[in-house]
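Chain by chain, the residues run as shown.
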Amino acid sequence: MRGAALSVLISMHLAAAAPRVVAEPPAVVLGKDRFVVLRVSGAGEARLYAECSAGQLMEQGADRGARIFRWTPPDVRFPGTAVLLFWTPLADAPEATVVTIPMAGQTILQMETEPNASVHVQVGSTTFGPVAADERGQVRLSIQVPPGVREALVTATAQTRQ
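Residues numbered from 1 in each chain as written. Predicted model: local features only at pLDDT ≥ 70, side-chain atom pairs only at ≥ 80, totals over all residues. Heavy atoms only, no water.

### Here we look at the overall build of the chain
Along the chain, the regular secondary structure elements total 1 helix and 12 strands. Moving toward the C terminus, one meets the helices and strands of the chain in the order α-β-β-β-β-β-β-β-β-β-β-β-β. The proportion of buried residues among the 162 residues of the chain is 27%. In the chain, the share of contacts with a sequence separation of at least 24, taken over all contacts with a separation of at least 6, comes to 56%. Here the chain has roughly 10700 Å² of accessible surface; of this, 53% comes from carbon and sulfur atoms. (Helix = DSSP H or I, 4+ residues; strand = E, 2+ residues; numbered from the N terminus. Buried < 20%, exposed > 50% of the residue type's maximum accessible area, 1.4 Å probe, protein only. Contact = heavy atoms within 4.5 Å. Areas by Shrake-Rupley, 256 points an atom, 1.4 Å probe, with all protein chains shown as cover.)

### Brief notes about the sheet that holds strand E12 (residues 152-157)
Pairing is antiparallel across the open sheet formed by 3 strands, whose spatial order is E10-E9-E12. Edge positions in the sheet fall to strand E10 (126-132) and E12, since each has one partner strand and no second. Ignoring strand direction, the axes of neighbouring strands in this sheet form an average angle of 15°. (Pairing = 2+ DSSP bridges. Axes fitted to C-alpha atoms, helices over the stretch in contact; angles between N-to-C directions.)

### Here's the deal with the pattern of salt bridges
Per the stated rule, a full pass over the model turns up 4 salt bridges. Between Asp 63 and Arg 39 there is a salt bridge, with the nearest N and O atoms lying 3.2 Å from each other. In this pair, Asp 63 is assigned in strand E5 (residues 56-63) and Arg 39 in strand E3 (residues 36-41), connecting sequence segments 24 residues apart. (Salt bridge = Lys/Arg side-chain N within 4 Å of Asp/Glu carboxyl O.)

### Thoughts on the sheet that holds strand E6 (residues 66-72)
The pairing of strands in a sheet comes from backbone hydrogen bonds and takes either a parallel or an antiparallel form. Strand order in the open sheet formed by 4 strands is E1-E3-E6-E5, and the pairing between neighbours is antiparallel. Of all the strands in the sheet, the pair left with one neighbour each is strand E1 (20-24) and E5. Within the sheet, the average angular offset between the axes of one strand and its neighbour, ignoring direction, is 25°. When E1 meets E3, the two strands line up antiparallel, connected through 5 bridges. Bridging across to E3, Val 21 finds its partner in Val 40.

### Considering the packing of aromatic side chains
The description of an aromatic ring pair uses the distance of the two centres, along with the angle that the planes make with each other. Following the criterion strictly, the structure yields 2 aromatic pairs and no others. Aromatic side chains Tyr 49 and Trp 87 sit 5.4 Å apart centroid to centroid with 15° between the ring planes, which places their arrangement in the stacked category. With Tyr 49 in strand E4 (residues 49-52) and Trp 87 in strand E7 (residues 80-88), this pair connects stretches of sequence that are 38 residues apart. Ring geometry for Phe 69 versus Phe 86: centroids 5.3 Å apart, planes at 75°, classification edge-to-face. Placement of the pair is Phe 69 in strand E6 and Phe 86 in strand E7, with a sequence separation of 17 residues. When its relative accessible area of 4% is taken as the criterion, Phe 69 is described as buried. Residue Phe 86 is classed as buried on the basis of its relative accessible area, which comes to 0%. The lysine or arginine in question, Arg 70, covers the ring of Phe 35, its NZ or CZ lying 3.7 Å from the ring centre. (Phe/Tyr/Trp six-rings, centres within 6.5 Å; stacked < 30°, edge-to-face > 60°. Lys NZ or Arg CZ within 6 Å of the ring centre and 35° of its normal.)

### Digging into the environment of Phe 128
The residue Phe 128 is located in strand E10 in this model. Separated by 16 residues in sequence, Phe 128 and Gln 144 have C-alpha atoms that sit 8.6 Å apart. Residues in contact with Phe 128, not counting those within four places in the same chain, are His 120, Val 121, Val 123, Leu 141, Ser 142, Ile 143 and Gln 144.

### Brief notes about the side chain of Arg 67
Here Arg 67 lies in strand E6. No salt bridge forms around the buried Arg 67; measuring N to O, its nearest opposite-charge neighbour Glu 59 is 4.3 Å away. Not counting residues up to four positions away in its chain, the partners in contact with Arg 67 are Leu 38, Arg 39, Val 40, Gly 44, Glu 45, Ala 46, Arg 47, Leu 48, Glu 59, Gly 61 and Ala 62. (Lys, Arg positive; Asp, Glu negative; His and termini not counted.)

### Some remarks on the confidence of the model for the chain
The pLDDT averaged across the chain works out to 88; a share of 88% of its residues lies at or above 70. The spread of mean pLDDT over the elements of the chain runs between helix H1 (residues 2-15), the lowest at 38, and strand E2 (residues 28-29), the highest at 98. Contacts for the low-pLDDT stretch residues 1-15, under 50 throughout, to residues beyond four places or in other chains number 1 contact. (pLDDT = per-residue confidence, 0-100.)

Written as structure tokens, this is what we have:
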């Protein structure tokens, strides 16, 4: 009898575990990446709830024991973080999984510097460029800005004349 009670207790504990979620890709560039596929496992046959703070989240079906969701980012260009929540309602307390998806913004910087100067831009830990300014000193450089980054360092190095 004791073995049966222990088996039921273990089964109940496993059923109460929070869902496991894998997002692919784990981050997006707004205006470029169209969607994220989320594989949610560990919910079994229990009812599974899902919500998101930004964008749209839709269940697409099931595949090899996992439920498949598709999250579409919002139609914005500024950086942020989407929060997705997956949970199964249980009588005692729901177990939830929180997934954060960083949303990088992207833009094209238009700058003016010395003609033919070499320009690069550091945004957070990522460097974009170098690109060469044209003969009028005009530069266009596409950059991506991750959430939380509020500054960029622009470096222009003039070409020495010989």
